[in-house]
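Structural characterization, general
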Amino acid sequence: MWGRWLACLLEVKPWRGTSGHCFPWQPHGRRTIPATAAQCHHMAPEYLKCVWQLHSDHLELRYANTLMRFDFVWLRDHCRSASCYNTKTNQRSLDTASVDLAIKPKGVRVDEATLFLTWPDGHVTRYGLEWLVKNSYEGQKQQVMHPRILWNAEIYRQAQVPSVDCRSFLETDEGLKEFLQNFLLYGIAFVENVTPTKEDTEILAERISLIRETIYGRMWYFTSDFSRGDTAYTKLALDRHTDTTYFQEPCGIQVFHCLKHEGTGGRTLLVDGFYAAEQVLHQAPDQFELLSKVPLKHEYVENMGGCHNHMIGVGPVLNVYPWNNELYLIRYNNYDRAVINTVPYDVVHRWYAAHRTLTTELRRPENELWVKLKPGKALFVDNWRVLHGREAFTGYRQLCGCYLTRDDVLNTARLLGLQA
């Protein structure tokens, strides 16, 4: 196909489409070409930027080194004219169900920066070519939703990511933006000089998000009194894991603030799950794919005092966007994984092998970042990316914290001009 298109670009002569009809070459902007099947059109030779070809059910367009294919219904549905889209509310006005599924443009024209489509009822749709590249399936496939820096312990230490001072975080957009940029890139971020109380930690959390109330409450105190039916409420070591895997939507961000520790041990372990998954993708892509497709159940059963809960969450260990295979959530918790009864025996054996490969990466010492949390230093953890754990400890240790709604954190970041 592209051989024909190249000939179309280099030679000023009629080009014969796949339908057998011959269409004259026209410089861009001269006139609207009738929308007949399998047409080819391009800009004048001095531009050589945009080439398009009309097929029976879609428009094919090459611009900015991207080959894009647009369904005709999609092109009508996404019209940004005043009658189809409300720019004040940024909402669609057009009733998608009213668009004829067999619709075809009556005319097509391209100038230096814009695609014009004339529909059978005379309505004209205009698309900026840059907008089409950004919003096409092919354009999205080449981009990442969330830019990140993957890290092991040495990479993170060498980056010397600064903590943000509490006053700067609370009172200035610059401090808040620096904090959020660190958090988005690395999945963890610290705030220093926080007054070590639950109330001040709550104020800190509400700076970037609504607090997500769960079965553990809104703001929680965390001690080793075994007041909840969870290993975390002990002095035992905790292996690396993500929290609330037993929720249908695991909590997005977790806040930790150590208020007091009179004893030894208790360092916090942090591991970039996306870094480990990336190693699996390179070493064993078939295993990565298996971990992204096999659905598992995670379960939390609690009958402790007045707390009675039975939570079940379902999803694969690795969750990826299907159009670009970008990892956006890791659901890893060996404590809370329920009985595996959602896959047949031959698949489950291969899943165990893939899970072992991922676990090996997660447990490599060079991937472990150990941090001693102290009063005044609050830690924010991306629970969809970074696994946390702790070493055993002695004495009295009290933490407070909460879960944050992920959407609100990302919303705050976008309002400050960050890609999130």
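Since the model is a prediction, treat every value here as computed from it, not as a measurement.

Re the overall build of the chain
Within the chain, the secondary structure is distributed over 12 helices and 27 strands. A total of 420 residues make up the chain; the buried ones form 50% of that total. Once local pairs closer than 6 in sequence are excluded, the contacts in the chain between residues at least 24 apart make up 69%. Only carbon and sulfur atoms are counted for the fraction: they give 51% of the accessible area of the chain, which is about 20200 Å².

Some thoughts on unusual backbone geometry
At Asn65, a residue that is not glycine, the phi angle is positive and equals roughly 60°. For Asn65, a relative accessible area of 74% translates into the label exposed. The phi dihedral of Asn193 is positive, around 65°, even though this residue is not glycine. By relative accessible area, Asn193 is classed as exposed at 56%.

Observations concerning the pairing of strand S23 (residues 327-330)
In terms of strand pairing, strand S22 (residues 318-320) meets S23 through three bridges, oriented antiparallel. Counterpart to Leu318 in the pairing with S23 is Ile330. Turn length for the S22-S23 hairpin, with the two strands adjacent in sequence and antiparallel, is six residues, and the turn residue Asn325 shows positive phi of about 60°.

Focus: the confidence of the model for the chain
Confidence in the prediction for the chain averages 88 pLDDT; 86% of positions are at 70 or higher. In the model, residues 1-33 has pLDDT below 50 throughout and makes 72 contacts with residues more than four positions away in sequence or in other chains. Scored below 50 in pLDDT, residues 42-48 makes 21 contacts in the model with residues more than four places away or belonging to other chains.

Here we look at the state of the cysteines
Under the criterion given, the structure shown has zero disulfides. Among the cysteines around Cys79, which has no disulfide bond, Cys84 carries the closest sulfur, lying 3.9 Å off. With relative accessibility at 1%, the residue Cys79 sits in the buried group.

Things to note about the pattern of salt bridges
Inspection of the entire model under this criterion finds 15 salt bridges. The partner of Asp77 in a salt bridge is Arg92, and the shortest N-O contact between them spans 3.2 Å. With a gap of 15 residues between them, Asp77 in helix H2 (residues 72-77) and Arg92 in strand S9 (residues 91-92) connect regions that are remote in the sequence. Assessed through its relative accessible area of 38%, Arg92 is described here as partly exposed. Connected through salt bridges with shared partners, the residues Asp239, Arg240, Arg363 and Glu368 form a single ionic network.

Some points on the packing of aromatic side chains
Taken as a whole, this structure holds 19 aromatic pairs when the rule is applied. When the centroid spacing of 4.8 Å and the interplanar angle of 20° are considered together, the rings of Tyr246 and Tyr300 count as stacked. Remark: Tyr300 occurs in strand S20 (residues 296-304) and Tyr246 occurs in the loop between strand S17 (238-241) and strand S18 (253-262); sequence separation between them is 54 residues. Cluster of aromatic residues (ring-pair linked, three or more members): Phe70, Trp74, Tyr127 and Trp131. Across from the ring centre of Phe116, 4.0 Å away, lies the NZ or CZ of Arg109, which sits over that ring. Over the face of the ring belonging to Phe393 we find Arg397, whose NZ or CZ atom lies 5.2 Å from the ring centre.

A look at the environment of Glu199
Within the secondary structure, Glu199 is located in helix H8 (residues 198-206). Counting along the chain gives 201 residues from Glu199 to Cys400, while the straight-line C-alpha distance between them is 9.6 Å.

Regarding the packing of helix H10 (residues 285-293) against helix H11 (residues 345-362)
Their axes nearest at 9 Å, the elements H10 and H11 cross at an angle of 110°. It follows from the interaxial angle that H10 and H11 lie roughly perpendicular. Along the contact surface, H10 presents Gln287, Leu290 and Leu291, while H11 presents Val347, Arg350, Trp351, Ala353, Ala354, His355, Thr357 and Leu358. The residue makeup of the contact of H10 with H11, split by class, is seven nonpolar, three polar and one charged.

Quick word on the pairing of strand S7 (residues 66-71)
When strand S6 (residues 58-63) meets S7, the two strands line up antiparallel, connected through six bridges. Pairing of Leu61 across the sheet is with Met68, part of S7. Hairpin connection from S6 to S7: two residues lie between these consecutive antiparallel strands, with Ala64 at a positive phi of about 50°.

Focus on the sheet that holds strand S19 (residues 268-272)
A sheet is described by the order of its strands in space; here four strands give the open sequence S17-S26-S19-S24, paired in antiparallel fashion. Unpaired on one side and paired on the other, S17 and strand S24 (369-371) mark the two borders of the sheet. Averaged over all pairs of adjacent strands, the angle between strand axes in this sheet comes to 20°, irrespective of strand direction. Across the sheet, helix H9 (residues 273-283) lies against S19 and strand S26 (386-390), angled at about 40° from S19, the strand it touches most.

Rules used in this analysis
Residues numbered from 1 in each chain as written. Predicted model: local features only at pLDDT ≥ 70, side-chain atom pairs only at ≥ 80, totals over all residues. Heavy atoms only, no water. Helix = DSSP H or I, 4+ residues; strand = E, 2+ residues; numbered from the N terminus. Buried < 20%, exposed > 50% of the residue type's maximum accessible area, 1.4 Å probe, protein only. Contact = heavy atoms within 4.5 Å. Areas by Shrake-Rupley, 256 points an atom, 1.4 Å probe, with all protein chains shown as cover. Pairing = 2+ DSSP bridges. pLDDT = per-residue confidence, 0-100. Disulfide = S-S within 2.5 Å. Salt bridge = Lys/Arg side-chain N within 4 Å of Asp/Glu carboxyl O. Phe/Tyr/Trp six-rings, centres within 6.5 Å; stacked < 30°, edge-to-face > 60°. Lys NZ or Arg CZ within 6 Å of the ring centre and 35° of its normal. Axes fitted to C-alpha atoms, helices over the stretch in contact; angles between N-to-C directions. Parallel < 35°, antiparallel > 145°, perpendicular 65-115°, else oblique. Nonpolar A, V, L, I, M, F, W, Y, C, P; charged D, E, K, R; others polar.

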